[in-house]
Amino acid sequence: MIIHTNSPEETYAAAKSFAGRLKKGDVICMYGDLGAGKTLFAQGIAEGLGVSEHVSSPTFTIVNEYEGRIPFYHFDVYRIADPEEMLEIGFDEYLFGEGVCLIEWAELVGELLPENCISVTITRSENNPEAERDIIIKADGSEDTE
Ligand code: ADP
Ligand code: MG
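Since this is a predicted model, take the numbers as computed values, not measurements.

Engineer: Would you explain the coordination of the magnesium ion (ligand 2) in this entry?
Structural biologist: A metal bound by six donors in octahedral fashion has ideal angles of 90 or 180 degrees, whereas one bound by four tetrahedral donors has an ideal angle of 109.5 degrees. Coordination of the magnesium ion (ligand 2) by the protein comes from Thr-39 (OG1) and Glu-104 (OE), over a distance range of 2.2 Å. Placement of the pair is Thr-39 in helix α2 (residues 38-48) and Glu-104 in strand β5 (residues 100-104), with a sequence separation of 65 residues. Looking at Thr-39, the relative accessible area reads 22%, which means it is partly exposed. A residue is classified by how much of its surface remains accessible, and Glu-104, at 2% relative accessible area, is buried.

Engineer: I keep staring at the side chain of Thr-5 and nothing clicks. Help me out?
Structural biologist: Residue placement: Thr-5 occurs in strand β1 (residues 2-5). The exposure class of Thr-5 is buried, given its relative accessible area of 1%. In this structure the side chain of Thr-5 is engaged in a polar contact, spanning 2.7 Å, whose partner is the side chain of Thr-11. Those residues in contact with Thr-5 that sit more than four places away from it in its chain are Glu-10, Thr-11, Ala-131, Glu-132, Arg-133 and Ile-135.

Cut-offs and rules
Residues numbered from 1 in each chain as written. Chains lettered and ligands numbered in written order. Predicted model: local features only at pLDDT ≥ 70, side-chain atom pairs only at ≥ 80, totals over all residues. Heavy atoms only, no water. Donors = N, O, S within 2.8 Å, 3.2 Å for Na, K, Ca; no water. Helix = DSSP H or I, 4+ residues; strand = E, 2+ residues; numbered from the N terminus. Buried < 20%, exposed > 50% of the residue type's maximum accessible area, 1.4 Å probe, protein only. Polar contact = N/O pair within 3.5 Å; in protein donor to acceptor, adjacent residues only side chain to side chain. Contact = heavy atoms within 4.5 Å.

Pasting the structure below:
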């Protein structure tokens, strides 16, 4: 599925609506450059899951946990030096836990990801990279590199 958005608000709304399909145990692997919109997408997912708390990027903590209709585990693994760090914070327990996991920069922990994750790749549109994005959602977890 490809979603084209013309503004940050549209990306947020698309994520919020997509969250309606999620269930506990789902893992969303996010791909895209710095500033692509991964965190914004995560914020929309959180609202869609019924999280009322403000969601900010967990860059320095690796994971933030939120309560919602379904718990939401938001990872940003940009700064990890070694995938081993993920095992130290109990990544497996989150993956097989009661909530939805979303991982920004999932390519950095590729070897630890389950096979059945949902991948979301965000790219800036060529004709309007400031404001427009193409969001490619795939059910098999593979990064879309086109
Ligand atoms: P990332 O987590 O991928 O580094 P962020 O979500 O933190 O990115 O930031 C995305 C930035 O891009 C925000 O400043 C947002 O306002 C801007 N932006 C502009 N247009 C869009 C769009 N269509 N969708 C998502 N973000 C957009
Ligand atoms: Mg981010």
